[in-house]
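In case you want the letters, here they are:
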Amino acid sequence: MTAVIEARALNLTFSTNDGPVHALKDVNLTIGKGEFVSFIGPSGCGKTTLLRAIADLEHPSSGSLTVNGMSPEAARKARAYGYVFQAAGLYPWRTIAGNVRLPLEIMGYSRAEQDERVARVLELVELAGFEKKFPWQLSGGMQQRASIARALAFDADLLLMDEPFGALDEIVRDRLNEELLKLWARTQKTIGFVTHSIPEAVYLSTKIVVMSPRPGRITDVIDSPLPRERPLDIRDTPEFIAIAHRVREGLRAGHVDD
Amino acid sequence: MTRSLPVLTVVAVLIALWYLAVIPMNAKWEYDQASRAGREIGLSELVANTMAQERPVLPAPHQVVVELWDSTVVEELTGRRGWWRSGSLSNRSLIYHGWVTLTATMLGFVIGTGGGILLAVGIVHNRAMDASVMPWAIASQTIPIIALAPMIIVVLNSIGISGLVPKAIIAAYLSFFPVVVGMVKGLRAPDAMQMDQMKTWSAPGATVFWKLRLPMSMPYLFASLKVGIAAALVGTIVGELPVQEGGLGVRLLSGSYYGQTVQIWAALFAAAILAASLVGIVGMIERRVLRRMGLAG
């Protein structure tokens, strides 16, 4: 298995008015191709910071971090990843197709190729037929699916998702989780997924990275024994409950020094 | 109707107060006339007379309306130099003077808006401009325009520029400021997430400007344009005062030279109607554009 993301002794410190904040401390992590990795932990544990460092949106203070064997900056410029933010962030003056097309326009794809790709990724997130709708005409869940389509449009092998379903209600969230797994199976992408929901992390992931705050660090890495094919009711199986228990233990261990 | 009723009520109250004020404001002249003639003046006669003076201290509303009508429609249709008989607008008509003011206002507004947007783009994209331009822009607006306008006209005249352009430059001087302030805010309206998103696509600065910053700034731009176009009109009128080559400013000044208060008020109302129409047109375009862009809030 080739490593897509490799972090060695990674540290990241923010300087704030209240002095330096150690957002990431001694992070060692390897993510292989095709894995679905969840980062879970309480707020302030550095899970989002780690994802942003991978995306070259934050800069590590020390240690090494590579994405596809390159520096995060080189990987970003090589369009190695698509990033899905917590808010869909669709432009209200663009249609759904126009929004998905935006990164393709920026990257200079031909008009014909843009059309073909927009149609393909909207099909992938089951939004075919909504091309000409404007964002406000869609529900929150549909908007977030459009933003996933936008991140998929330029064929990055790595998909980074920062609490993409955090603002949605649980029923919508369940359905989107199920669809995300199908999408992952169809596209064979590597996914980095930040969440603070234990069931979501266990249901989705092949690898769960448990993190804890002050300083932000990894306390446990769990390789999930669950099969890749996962119906929603897998959440009632003993294996699922056992992993969820271990995640909870990891989270609790991280809180001892509070 | 539900919207216009409160507005009409306020207008009716204002007109009533105006009529009430006309009586004491113009009464002194009537008393003087009466005492000079050696007779008493009754209340009903006093009220009637104060409403119909030729050069009242405060003209009655209907006198202003009549003057507006006479110096526009009547003048152009029946006047010797009116449009109907001579084929060109009469220089005694408010339509002619309004047109002179409007052309300078529009040119000044275009220059001011363009300059304001360029300055805002510079401020947002250039650290040195960000630190240096705004204090000067603010300082420029603290200088009374009435003091500055004659100097601009004299300086430009000495290098052979006169007529429309000096007035337009004074108009631009007043209208660029709200555009700068609004557009700086507007171009900075994209939040951290939207800027990060552009970075994940490695979008160059020009792309961020055209695809994100500029569309996001539209609500701010239109708010500024409404202030800016009214300011441009004020600037044009001030610029017309020393030049005396036509325009509503000229009508205001000549009215005050000859004590033609009714003419002053008619010119004032013509300027107000013009300003309201211009702001209204900008507002209409604003509603269309923002609704189309999904930014109407």
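Definitions and limits used
Residues numbered from 1 in each chain as written. Chains lettered and ligands numbered in written order. Predicted model: local features only at pLDDT ≥ 70, side-chain atom pairs only at ≥ 80, totals over all residues. Heavy atoms only, no water. Patch = residues over 30% accessible without salt bridge, like charges linked within 9 Å, V, L, I, M, F, W, Y side chains within 5 Å. Areas by Shrake-Rupley, 256 points an atom, 1.4 Å probe, with all protein chains shown as cover. Salt bridge = Lys/Arg side-chain N within 4 Å of Asp/Glu carboxyl O. Lys, Arg positive; Asp, Glu negative; His and termini not counted. Charge placed at Lys NZ, Arg CZ, Asp CG, Glu CD. Helix = DSSP H or I, 4+ residues; strand = E, 2+ residues; numbered from the N terminus. Buried < 20%, exposed > 50% of the residue type's maximum accessible area, 1.4 Å probe, protein only. Pairing = 2+ DSSP bridges. Axes fitted to C-alpha atoms, helices over the stretch in contact; angles between N-to-C directions. Core = buried A, V, L, I, M, F, W, Y, C linked by side-chain atoms within 4.5 Å. Contact = heavy atoms within 4.5 Å. Buried area = accessible area lost by both parts, 1.4 Å probe. Polar contact = N/O pair within 3.5 Å; in protein donor to acceptor, adjacent residues only side chain to side chain.

J.: How should I be thinking about a positive patch on the surface in this particular structure?
T.: Residues and elements named next belong to chain B. Taken together, the side chains of Arg-3, Arg-287, Arg-288 and Arg-291 present a region of like positive charge at the surface. Here Arg-291 shows up in helix 12 (residues 261–293). Accessibility expressed as a relative area gives 61% for Arg-291, which makes it exposed.

J.: Help me understand the sheet that holds strand 1 (residues 3–16) of chain A, please; the structure alone is not making it clear to me.
T.: Within a sheet, neighbouring strands are paired by backbone hydrogen bonds and run either parallel or antiparallel to one another. Residue and element names in this part refer to chain A. One open sheet accounts for three strands, arranged 2-1-4; its pairing is antiparallel. Of all the strands in the sheet, the pair left with one neighbour each is strand 2 (19–32) and strand 4 (62–67). For this sheet, the mean inter-axis angle between neighbouring strands, taken without regard to orientation, is 25 degrees. In terms of strand pairing, strand 1 meets strand 2 through ten bridges, oriented antiparallel. What sits directly across from Glu-6, in strand 2, is Thr-30.

J.: I tried to follow the nonpolar core on my own but got confused; where do I start?
T.: For soluble globular proteins, the rule of thumb is that nonpolar side chains tend to be buried together. Leu-180, Val-202, Ile-208 and Val-247 of chain A are the most contacted members of the largest nonpolar core, which has 102 residues in total. Ranked by residue count, the leading element in this core is helix 10 (residues 205–240) of chain B, at 13 residues. Residue contacts for Ile-208 of chain A: discarding those within four places in its chain leaves Ser-38, Ile-40, Ala-201, Val-202, Asp-220, Val-221, Ile-222, Ile-243 and Val-247 of chain A.

J.: Help me understand the sheet that holds strand 6 (residues 158–162) of chain A, please; the structure alone is not making it clear to me.
T.: All names here are of chain A. Across the sheet, six strands lie side by side as 5-6-7-3-8-9; this open sheet has mixed pairing. Edge strands, defined here as strands with exactly one partner in the open sheet, are strand 5 (81–84) and strand 9 (217–223). Strand-to-strand twist in this sheet, taken as the mean axis angle between neighbours without regard to direction, amounts to 15 degrees. The sheet contact formed by strand 5 and strand 6 spans four bridges and is parallel. Of the residues in strand 6, the one forming a bridge with Tyr-83 is Leu-160. Sheet contacts for helix 1 (residues 47–54): strand 3 (36–40), strand 5, strand 6, strand 7 (190–195) and strand 8 (207–212); angle to strand 6, the most-contacted strand, approximately 150 degrees.

J.: Help me understand the interface of chain B and chain A, please; the structure alone is not making it clear to me.
T.: Frequently, the measure chosen for interface size is the accessible area that the parts lose on association. The partner chain A presents 23 residues to the 18 residues of chain B that form the contact. Interface area lost by chain B to chain A is led by Thr-200, Trp-201 and Lys-211 of chain B, which between them contribute 35%. Notably, a salt bridge pairs Arg-52 of chain A with Asp-196 of chain B, separated by 2.8 Å at the nearest N-O pair. Summed over the shared surface of chain B and chain A, the result is six residue pairs in polar contact (both at pLDDT 80 or more). Among the secondary structure elements, those contributing two or more residues to the side of chain B that touches chain A are helix 9 (192–200) and helix 10 of chain B.

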